[in-house]
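Next come the chains, spelled out residue by residue.
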Amino acid sequence: MRGEGRGEYRIGAVFSNREIIAGIVDSRHRVVSRASLALGAGCDYRETARLVADCAGLAARGLGIDPDLCASVGVGCPGIANRETGEVVYSGPMVWNHVPFGKELQKQFPRAQTVSVAELAGCTALGESLAGAALRCTQVVLFQFGAGISSGVVVDGRIFGGKYCAGARLGHCTIVSGGKTCSCGRKGCFEAYASLEALAEQAREAAARYKNTLLGRYDALTISPAEVMDCARKGDRAARRVLGQYIDYVSDGIVNAVNAFRPEIVVLGGAEVKFWKESLDEINSRCCERYYGAALLPVPKVVLASLGVDAGLIGAAALGEAGN
């Protein structure tokens, strides 16, 4: 293996309840090698830490270096991860509560200068600010849309999480008082109305109500955001109604975040990030009408995430840098 000096490379890793992805990240915030391993449902934190090390080893060997030469290790975890203690306070996908994941990782990487754990969406937001859609921005809000809505906030170039790193949960801010019950148990959360699962539910309801439309011809149980967009593009009244209301929900959530944090930029991401491309102009237009002080100050632009999973790897790898 090549003998690069310690400090040239860092390890970043992210995981869900199905997969671990690890990357070797260079000093210019580029992922130069990556690897993945399957992660079984219900995997405990000790086994997960061991698999993170195995996956990082695969990525390092793919580049031809010894993983022990990497200066630091950072891991993005779904849920609430306390960066100060390394404890994962809560992770719904992993079914973890108050587990010392950081300490277990340190056992797997004894030669690393720093081993850090942070919430996955925060790592993703940091990665986009270092090398992606929010490049050179130090104030960033990122939303990731999927079955739920996760969010990451970067303030002054650092992940912001508030006390215990449990803040910036923007998917659980209310946009409809007394509205639909959210996965968190509250009513009217942004996530309950603007996740892609919420959009699918809204489309299913419209398809059942308006059977003599393009939307109504789809299987209501399997209709996707892309199919809703396709129907709306073709002028279907039911799809246009669903999409118009949905964009309104999304815009309200973004405006709440901007009014709270006033970032330089808002980044939208998730597994179906391409879905947002045709809606960006409308989202920006509606948001600009609602931002506090929009007539007096520059307003942040809403853009698409550009790095995919690499954003999380880059952000996680940067956790060991000064200031993070």
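Going by the structure above, here's the rest.
Here the structure is a predicted model, which means the values were calculated and not measured. (Residues numbered from 1 in each chain as written. Predicted model: local features only at pLDDT ≥ 70, side-chain atom pairs only at ≥ 80, totals over all residues. Heavy atoms only, no water.)

Enquirer: Pulling in residues and values, what's your account of the nonpolar core?
Expert: In terms of nonpolar packing, the biggest core is built from 47 residues, with Phe-143, Phe-145, Leu-215, Ile-254 and Leu-268 touching the most fellow members. Elements with a contribution of two residues or more to this core: β9 (140-145), β10 (149-155), α4 (190-194), α5 (196-209), α6 (225-233), α7 (237-261), β12 (265-270) and α8 (280-290). When near neighbours in sequence (up to four residues on either side) are disregarded, Ile-254 contacts Phe-143, Phe-190, Val-266, Leu-268, Ile-283, Cys-287, Tyr-291 and Val-302. In this structure, Ala-13, Ile-24, Leu-51 and Leu-63 belong to the second largest nonpolar core, which totals 36 residues. (Core = buried A, V, L, I, M, F, W, Y, C linked by side-chain atoms within 4.5 Å. Buried < 20%, exposed > 50% of the residue type's maximum accessible area, 1.4 Å probe, protein only. Helix = DSSP H or I, 4+ residues; strand = E, 2+ residues; numbered from the N terminus. Contact = heavy atoms within 4.5 Å.)

Enquirer: Can you explain the state of the cysteines? Please cite residues and give values.
Expert: Throughout this description, disulfide means a covalent bond between two cysteine sulfur atoms. One pass over the structure, following the stated rule, counts zero disulfides. Lacking any disulfide linkage, Cys-123 is separated from the closest cysteine sulfur, that of Cys-77, by 9.4 Å. For Cys-123, a relative accessible area of 0% puts it in the buried group. Of all cysteine sulfurs, the one in Cys-189 lies closest to Cys-184, which takes part in no disulfide; the gap is 3.7 Å. By relative accessible area, which is 39% here, Cys-184 ends up partly exposed. (Disulfide = S-S within 2.5 Å.)

Enquirer: Can you break down the packing of helix α1 (residues 45-63) against helix α2 (residues 101-108) residue by residue, with the values?
Expert: For the pair α1 and α2, the least separation of the axes is 9 Å and the interaxial angle reads 40°. One way to sum up the angle between α1 and α2 is to call them oblique. Taken as a pair, α1 and α2 cross one another with a handedness that is right-handed. Only Phe-101, Glu-104, Leu-105 and Gln-108 of α2 make contact with α1, whose side of the interface consists of Tyr-45, Arg-46, Thr-48, Ala-49, Arg-50, Val-52 and Ala-53. A class-by-class count of the residues in the contact of α1 with α2 yields six nonpolar, two polar and three charged. (Axes fitted to C-alpha atoms, helices over the stretch in contact; angles between N-to-C directions. Parallel < 35°, antiparallel > 145°, perpendicular 65-115°, else oblique. Left-handed = near helix turned anticlockwise from the far one by under 90°. Nonpolar A, V, L, I, M, F, W, Y, C, P; charged D, E, K, R; others polar.)

Enquirer: Describe the packing of aromatic side chains, and please don't skip the residues or the numbers.
Expert: The description of an aromatic ring pair rests on the distance of the ring centres and on the angle between the ring planes. Under the counting rule described, the total for this entry stands at 10 aromatic pairs. For the pair Phe-15 and Trp-96, a centre-to-centre distance of 5.8 Å together with 50° between the ring planes defines the contact as tilted. Of the two residues, Phe-15 sits in strand β1 (residues 9-15) while Trp-96 sits in strand β7 (residues 96-99), which places them 81 residues apart along the sequence. We note that Phe-15, like Trp-96, is buried. Between Phe-143 and Phe-190, the aromatic rings sit 5.6 Å apart at their centres with planes inclined by 80°, giving edge-to-face as the arrangement. Placement of the pair is Phe-143 in strand β9 and Phe-190 in helix α4, with a sequence separation of 47 residues. What makes Phe-143 buried here is its relative accessible area of 0%. Exposure remark for Phe-190: the relative accessible area of 0% places this residue in the buried category. Members of the aromatic cluster, joined through ring pairs, are Phe-143, Phe-145, Phe-190, Tyr-246 and Trp-276. (Phe/Tyr/Trp six-rings, centres within 6.5 Å; stacked < 30°, edge-to-face > 60°.)

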